[in-house]
Amino acid sequence: MLNTFVVYVENKPGVLTRVASLFRRRAFNIDSLTVGRTEKPEVSRMTITVDADYDQARRIEANLYKLVNVLLVENITQEAAIVRDLAMIKVAATHEARSHVLELASVFRARVVDVSPESLTIEITGAEDKIDGLLDVLRPYGVLEMVRTGIVAMRRGSKSSVPLAPVNGLAQAAAAGDEDVSCSV
Amino acid sequence: MKKTGAQILWECLEREGVKHVFGYPGGAILPAYDALKHSSIHHVLVRHEQGATHMADGYARATGGVGIAVATSGPGATNMVTGIATAMMDSSPIVCITGQVGSKLIGSDAFQETDITGVTLPITKHNYLVTHADEVARTVREAFYVARSGRPGPVLIDITKDAQQSCCEFDWDAAKPQLPGYRPDLSPAPEEYAQAWELIRNSKRPVILAGHGILVSGAEREVRDLAERAGIPVALTLLGLGAFPASHPLNLGMMGMHGEAWVNHTIQDADLLIALGMRFDDRVTGNLKTYASNAKKIHVEIDPAEINKNVKVDVALVGDLREVLHELLPKVETVDRGEWLDYIDRLKGDSAVRDIQNLPDSGHLYAAHVINDLWRETRDGNTVVVTDVGQHQMWEAQYYKHEQPRSLITSGGLGTMGFALPAAIGAKVARPAAEVWAIVGDGGFQMTMSEMATIVQENLKVHIAIINNGYLGMVRQWQEFFYERNYQATPLLNPDFAKLAEAYGIRSMNVKQRSEVVPAVQSARRHEGPVLINFQVEQEDTVYPMVAAGASLHEMIRRPSSIVETAADE
Ligand SMILES: Cc1ncc(C[n+]2csc(CCOP(=O)(O)OP(=O)(O)O)c2C)c(N)n1
Ligand SMILES: [Mg+2]
């Protein structure tokens, strides 16, 4: 089953390597991994999808926590979440095909972002299956090039998973001296 | 006050309580060595950086403290890899400090540049690349904290040459660890304790599986309380030996691939396994499909990633073992498990009372005899035995009866040949009052024997017992059982070990007869310096019993009847 993890990490050099290396080392195959900034400059956020059963998913979470730079791990597979992938698709679109391609793009609420005499480039954002659907119908016209970002995900509703506010506070707590370091979130 | 990165490094180590480091210099770490003369820390010059890491590891395991190894960049750092991986597998807290080329040169393939943080990423608990002097203090403090807290492990600090040389303001108090995501201190939920009590109460045939975590956590007393109160027999892993006294009536002995048959049968017949600080390694479970299939399982373990990794458990108590047992103990009921213990006694049969000491002297010298005699001679002392990897390691585990915690140091998880001699040096440096014996095979000894020079240079009384069978014995045994005695690449043409030791300035003896064992050991103990004894033992001897890799735990290759009959003769 495809699991979706949201992973907050310290924004430091090499942290992406540590996370990626963990999956390789434990023989879990990453389906997609995205990483980007958050509203806190010292924190980055990853969305990782990986094929794993229940026990494996638990172990992935536990192993992620063993990385010293990992702040918070959430498996949001079972939760109501907004999941988005972004794709740019360059389609062969000569004279007669052009209007068909444009029509399909609009059905999928995709946007045309570049036009040339021989092609159209379409940008689409959405859940992965929506993008897959557009790709399927475009393929007969000739997909010249395609790129996808991999998914980013966020829980629905007002509840935030963010450990961010206390991060500095935690650093302070940890700073109180080795004996009384409190590192639990 | 302004100091160089190198000065800060030593001062931070001193403040962390470091008295000894094991190291080997070179270009990229020279600024640090230059600053060493102002430090109170004693530097032990090793002969190979692998030795430095094993020494740091032995130092850590002998005491529970953090061991330190130092090396230069490039080849110095890569020579540490085996020792780091060894420490990682056995959760041993060491901090390795390596020099690195100047920060401006990183990435340029400069002379002796190796990406050692990249290389050691999967075999360290955490590692650091330090490129500025002002990062040294905080990094050292974090490294020590990470290495020894939670499930301990190795941490590597790679410090560029310019970070060692440049100056900055040094303020220990300000350089506090900042580890916002690190959570070493987990504890179980109340309902999980309740489930554990329930399982223990309802169990008729429980067994405690005692592992290395008991020593790491210092929970020997609590484990004993649990066993005695609830009348539960205790089986130990290799690294757990010493965590529960060998002479205790509830001690079953070592479990697993070379555990005695009754121990493994007890586990297979149990209705409850209480796993304490052990991780269900394949060497102790055998085939997982048939492992203790009728037993419920309670797993007390500090590392959540170990839960349900190999064996699915019914209750997991994640936390420090000692603290968990403190919570658990008050509500564990006293139960009479006489029937179960009687059953186990019957499983033991006469093999438990068979005393190898009484086997008739056939004129051959068996490794088991050597080890048993060595145990009898040294049992009353403050003795630390450090073993290498192979047959002798398993015989040691079977025939040396460990009563005290931290009286056995051995490479379990990685099975690193060459470990014993340097780790014994580390143990002796850490515990000068202890009597330290390295028990080592003729193969493994030759992997790190250059450290004999370190013994002499440091004037250490470390005794070396070579179990010399002229073979890579354990591999030969596998060839005997599983490869039709095709002894490819296992016979050894050895140097004269006794002469070799003399060349280093170490007294030596050759022992070929059973009757010579005890006098040789006694003479070594009386000698004021180190002694090497070359025990020339039976060449094609075999470790029994054995669970073949992949076989079920109860399917053991037993001692051939000839041996058992001899035992019955006594
Ligand atoms: C560094 C390393 N290389 C190879 C092995 C595989 N190995 C395991 S036991 C063994 C034989 C050890 O021979 P020796 O040191 O003579 O001990 P013996 O088994 O004869 O007691 C070997 C080669 C290993 N464990 N470690
Ligand atoms: Mg040998």
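Computed from a predicted model, the values in this text were never measured in an experiment.

Scanning chain B from N- to C-terminus turns up 24 helices and 22 strands. In terms of overall size, chain B behaves like a compact globule, its C-alpha atoms giving a radius of gyration of 24 Å where 570 residues would be expected to give roughly 25 Å. Across the 570 residues of chain B, 61% fall into the buried class. Considering only contacts within chain B whose residues lie at least 6 apart along the sequence, 76% involve residues at least 24 apart. In the form shown here, chain B has an accessible surface area of approximately 21400 Å², with 49% of it arising from carbon and sulfur atoms. Positive and negative side-chain charges in chain B, numbering 52 and 69 respectively, have mean positions lying 2 Å apart.

Further remarks concern empty space enclosed by the protein. Regions of empty space are outlined by a rolling probe, equal in size to a water molecule, passed over the atoms. Residue and element names in this part refer to chain B. According to the stated counting rule, one finds 1 cavity of 30 Å³ or more in the structure shown. For the largest cavity, the calculated volume is near 100 Å³. Tallying contributions element by element places strand β16 (residues 408-410) first for the lining of the largest cavity, with 3 residues. Partitioned by chemical class, the residues of the lining of the largest cavity number 6 nonpolar, 2 polar and 2 charged. Two domains share the lining of the largest cavity, each providing at least three of its residues, namely domain 2 (190-350) and domain 3 (353-539).

A word on the packing of aromatic side chains. Residues and elements named next belong to chain B. Applying the stated criterion to the full structure yields 10 aromatic pairs over all chains. Seen in terms of ring centroids, Y145 and Y182 are 5.8 Å apart; in terms of plane orientation they differ by 85°. Their pairing is edge-to-face. Linking Y145 in helix α7 (residues 136-148) with Y182 in the loop between β8 (167-169) and α9 (190-202), this pair joins segments that are 37 residues apart in sequence. Consider the rings of F280 and Y291, whose centres lie 6.0 Å apart with planes at 75°: the pair is edge-to-face. Here F280 is found in the loop between β12 (272-276) and α13 (282-285), whereas its partner Y291 is found in the loop between α13 and β13 (296-301), with 11 residues between them in sequence. In this pair, the class of F280 matches that of Y291, namely buried. Aromatic ring contacts, followed pair by pair, group W478, F481, F482 and Y544 into a single cluster.

Another point: the sheet that holds strand β14 (residues 315-318) of chain B. Residue and element names in this part refer to chain B. With respect to topology, 6 strands assemble into an open sheet ordered β11-β10-β9-β12-β13-β14, the strand pairing being parallel. Each having just a single partner strand, β11 (251-254) and β14 make up the two edges of the open sheet. Across the sheet, the mean angle separating the axes of adjacent strands is 15° when strand polarity is ignored. Bridging between β12 and β13 involves 5 bridges; their strand directions are parallel. Looking at β13, one finds that I274 is bridged to I298.

Here is what the cut-offs are and how they apply
- Residues numbered from 1 in each chain as written.
- Chains lettered and ligands numbered in written order.
- Predicted model: local features only at pLDDT ≥ 70, side-chain atom pairs only at ≥ 80, totals over all residues.
- Heavy atoms only, no water.
- Helix = DSSP H or I, 4+ residues; strand = E, 2+ residues; numbered from the N terminus.
- Rg over C-alpha atoms; globule rule 2.2 N^0.38 Å.
- Buried < 20%, exposed > 50% of the residue type's maximum accessible area, 1.4 Å probe, protein only.
- Contact = heavy atoms within 4.5 Å.
- Areas by Shrake-Rupley, 256 points an atom, 1.4 Å probe, with all protein chains shown as cover.
- Lys, Arg positive; Asp, Glu negative; His and termini not counted.
- Charge placed at Lys NZ, Arg CZ, Asp CG, Glu CD.
- 1 Å grid on protein atoms, 1.4 Å probe; cavity = no way out; pocket = protein on both sides within 12 Å on 5 of 7 lines; lining within 4 Å.
- Points joined across faces, edges and corners; volume = space filled by probe spheres on them.
- Nonpolar A, V, L, I, M, F, W, Y, C, P; charged D, E, K, R; others polar.
- Domains from an automatic or database assignment.
- Phe/Tyr/Trp six-rings, centres within 6.5 Å; stacked < 30°, edge-to-face > 60°.
- Pairing = 2+ DSSP bridges.
- Axes fitted to C-alpha atoms, helices over the stretch in contact; angles between N-to-C directions.

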